[in-house]
Amino acid sequence: MALFGVSVRLSGSSAVSARHSSLLRVRALVERLIAAPFGRTPQRPRSAPPAPNSADQTVNRNVRLLSWFNFFGDFRMYGPIMVIYFAQVTGSYTAAASLLAVKMLSSAAFEVPTGVLSDRLGRRDTMIAGAVVMVAAHLGYAGASGYGLLLAAVVLEGLATSLWSGNNESLLYDTLLEAGREEEFPRHSGRVNSMFQIALALAAAMGGVVAGAWSLRVVVALSVVPQVLCVLLALRVREPRVHGPLESNALVHLGSALRGIRRNPVLRRMTLVSALRYSGESAAQLSPVFVAGLWPLWALGLWRTFGHGVAFVGFRVSGRVIGRVGAARTLLFGELFDNVANVVALVKPTVFSPVLIGSPAYGMSTIAQQTLLQREFTDRERATMGSLASLLGSVLYALVALGAGLVADRWGIVPALLAIQAVVLIALPLAWWVHAHASSLPAGAGTVTE
């Protein structure tokens, strides 16, 4: 009976509930009929706005931090007078030149180990380590009283540069990849890298003013501050997810990266294009001599500023250009334009030659090159593959610079710059191959997506 009583109470409750639901439906219908003539509709509760995607938030945060990191990292007021400062401290231009050579060699020596470290330790931690080491290097520059401390400082700067090389571009690409927005890499990379050019232009102008008002050592000491800001910015960067399993040890990881480059036809050629283009930057050390023969000495600063301004514009518009014509086509025509402009400027020098010499399309070509490389790098060996490309570029840079110096001593500055241009020309057929095969390679064989 007790069970029956409970059953009766439940049945009664269900009937009341059904009656109440019917009344609610009738009431809602009446409200709609009354509100319709007056053009009003009953308000429905609005759903809460969707929560922002954490991956998209990470993209916005990391892109912003990387932009300012690049700005402060290259805001070195001593840049144009570095050789003079080294000579002042050591008492010898030969010693000063040897320090610059050691810096380049140390960067090349650390390239591959730091690339492996980035893939295994993480992008953020590698970035922080590089920033801390760069602060130590600048403190060494500012406090140096002789060759020994400067030597230690240039080695530290080479280490810091190699920690960032390959790592920071991989950090940006991995951040976009995690959010499923890797197709936006050209646009974001162009904006991030354009900050280098603004920093170089502003720092060079300010460095000259400070050096004139105080001393070279004050210029170097003040350059420590932007490097400290880089450490603070790196600490705020968010680590993107690691994609793909890591190899058992560093040597196996390196071997896997080398095999990946060897088996991918696009990646092989793009690695060579990257190295050849980097070797062409050795012309920057000799081109001021060429310009000084055509323009007054005081105009060299304006020429540098103009070059940085042109490069800034190229970086900023690179994403839009690559989006319209594709990365492979942008690289090909950018390199073709630069080569023609430089050869014309050198073969028949005029007062307009300094405007043409250099790389008017440098920004767009660089972002196109990075886009093609990042598309072909494997997720688990991205930084290591980038470091291998940088190592090859450093070796070619040293060889080309040495050869150009010998040519300049024997035949003059114009033949030396033409010799450098001849080496860079080798990149054109490689870029043409990538462009021609961009849409014809089978999947998994180094496809370039346009």
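Just above sits the structure.
Remember, it's a predicted structure, so these values are computed and weren't measured experimentally.

### Focus: the overall build of the chain
Then, number 1: For the chain, the helix and strand inventory stands at 20 helices and zero strands.
Then, number 2: Across the 450 residues of the chain, 46% fall into the buried class.
Then, number 3: Taking contacts inside the chain between residues at least 6 apart in sequence as the whole, the part at least 24 apart equals 83%.
Then, number 4: On the chain, roughly 22300 Å² of surface is accessible, and the fraction owed to carbon and sulfur atoms is 67%.

### Observations concerning the packing of helix H15 (residues 327-347) against helix H17 (residues 362-376)
Relative orientation and spacing of two packed helices are given, respectively, by the angle between their axes and the distance between those axes.
Then, number 1: Interhelical geometry of H15 versus H17 gives an angle of 145 degrees and a closest axis separation of 8 Å. The two elements H15 and H17 meet at a crossing, and its hand is left-handed. Contact residues: H15 offers Ala327, Ala328, Thr330, Leu331, Gly334, Glu335 and Asp338, while H17 offers Tyr362, Met364, Ser365, Ala368, Gln369, Thr371, Leu372 and Arg375.
Then, number 2: Considering only residue class, the contact of H15 with H17 consists of seven nonpolar, five polar and three charged.

### Some points on the pattern of salt bridges
Close approach of charged atoms allows side chains of opposite charge to pair.
Then, number 1: In total, this model carries twelve salt bridges according to the counting rule given.
Then, number 2: Across the pair Lys103 and Glu157 runs a salt bridge, and its minimum N-O distance is 3.7 Å. Of this pair, Lys103 sits in helix H4 (residues 93-121) while Glu157 sits in helix H6 (residues 147-164); the two residues are 54 residues apart in sequence, bridging distant segments of the chain.
Then, number 3: Ionic pairing is found between Arg123 and Asp174, a salt bridge with its closest N-O pair at 2.9 Å. Separated by 51 residues along the polypeptide, Arg123 in helix H5 (residues 123-143) and Asp174 in helix H7 (residues 167-178) bring together distant segments of the chain.
Then, number 4: On the basis of relative accessible area, Arg123 is assigned to the buried category, the value being 5%.

### Focus on the packing of helix H14 (residues 300-325) against H17
Then, number 1: With their axes 6 Å apart at the nearest point, H14 and H17 run at an angle of 45 degrees to one another. Relative to H17, H14 is oriented oblique. Considering only the axes of H14 and H17, their crossing is right-handed. Residue-level inspection shows Ala311, Gly314, Phe315, Val317, Ser318, Val321 and Ile322 of H14 in contact with H17, the latter providing Tyr362, Gly363, Met364, Thr366, Ile367, Ala368 and Thr371.

### Quick notes on the packing of aromatic side chains
Then, number 1: Evaluated as defined, the whole model comprises eleven aromatic pairs.
Then, number 2: The interplanar angle of 35 degrees and the centroid separation of 5.2 Å between the aromatic rings of Tyr278 and Tyr397 together place this pair among those described as tilted. Note that Tyr278 is positioned in helix H12 (residues 265-280) and Tyr397 in helix H18 (residues 382-411), a separation of 119 residues in sequence.
Then, number 3: For Tyr278, a relative accessible area of 28% puts it in the partly exposed group.
Then, number 4: Seen from their ring centres, Phe315 and Tyr362 are 5.9 Å apart, and the 90 degrees between their planes marks the pair as edge-to-face. Of this pair, Phe315 sits in helix H14 while Tyr362 sits in helix H17; the two residues are 47 residues apart in sequence, bridging distant segments of the chain.
Then, number 5: For Tyr362, a relative accessible area of 23% gives the class partly exposed.
Then, number 6: Within the aromatic cluster, the residues linked to one another by ring pairs are Trp68, Phe71, Phe72 and Phe75.
Then, number 7: Of note, Arg269 hangs over the ring of Trp433, and the distance from its end group to the ring centre comes to 3.8 Å.

### As for the side chain of Gln369
Then, number 1: Here Gln369 is to be found in helix H17.
Then, number 2: In contact with Gln369, not counting residues within four places along its chain, are Met270, Val273, Ser274, Arg277 and Leu331.

### Focus on the environment of Ala160
Then, number 1: Here Ala160 lies in helix H6.
Then, number 2: Among the residues examined, Ala160 registers a relative accessible area of 0% and is labelled buried.
Then, number 3: Ignoring anything within four residues of it in the chain, the contact list for Ala160 reads Gly130, Val133 and Met134.

So, how was this worked out
- Residues numbered from 1 in each chain as written.
- Predicted model: local features only at pLDDT ≥ 70, side-chain atom pairs only at ≥ 80, totals over all residues.
- Heavy atoms only, no water.
- Helix = DSSP H or I, 4+ residues; strand = E, 2+ residues; numbered from the N terminus.
- Buried < 20%, exposed > 50% of the residue type's maximum accessible area, 1.4 Å probe, protein only.
- Contact = heavy atoms within 4.5 Å.
- Areas by Shrake-Rupley, 256 points an atom, 1.4 Å probe, with all protein chains shown as cover.
- Axes fitted to C-alpha atoms, helices over the stretch in contact; angles between N-to-C directions.
- Left-handed = near helix turned anticlockwise from the far one by under 90°.
- Nonpolar A, V, L, I, M, F, W, Y, C, P; charged D, E, K, R; others polar.
- Salt bridge = Lys/Arg side-chain N within 4 Å of Asp/Glu carboxyl O.
- Parallel < 35°, antiparallel > 145°, perpendicular 65-115°, else oblique.
- Phe/Tyr/Trp six-rings, centres within 6.5 Å; stacked < 30°, edge-to-face > 60°.
- Lys NZ or Arg CZ within 6 Å of the ring centre and 35° of its normal.

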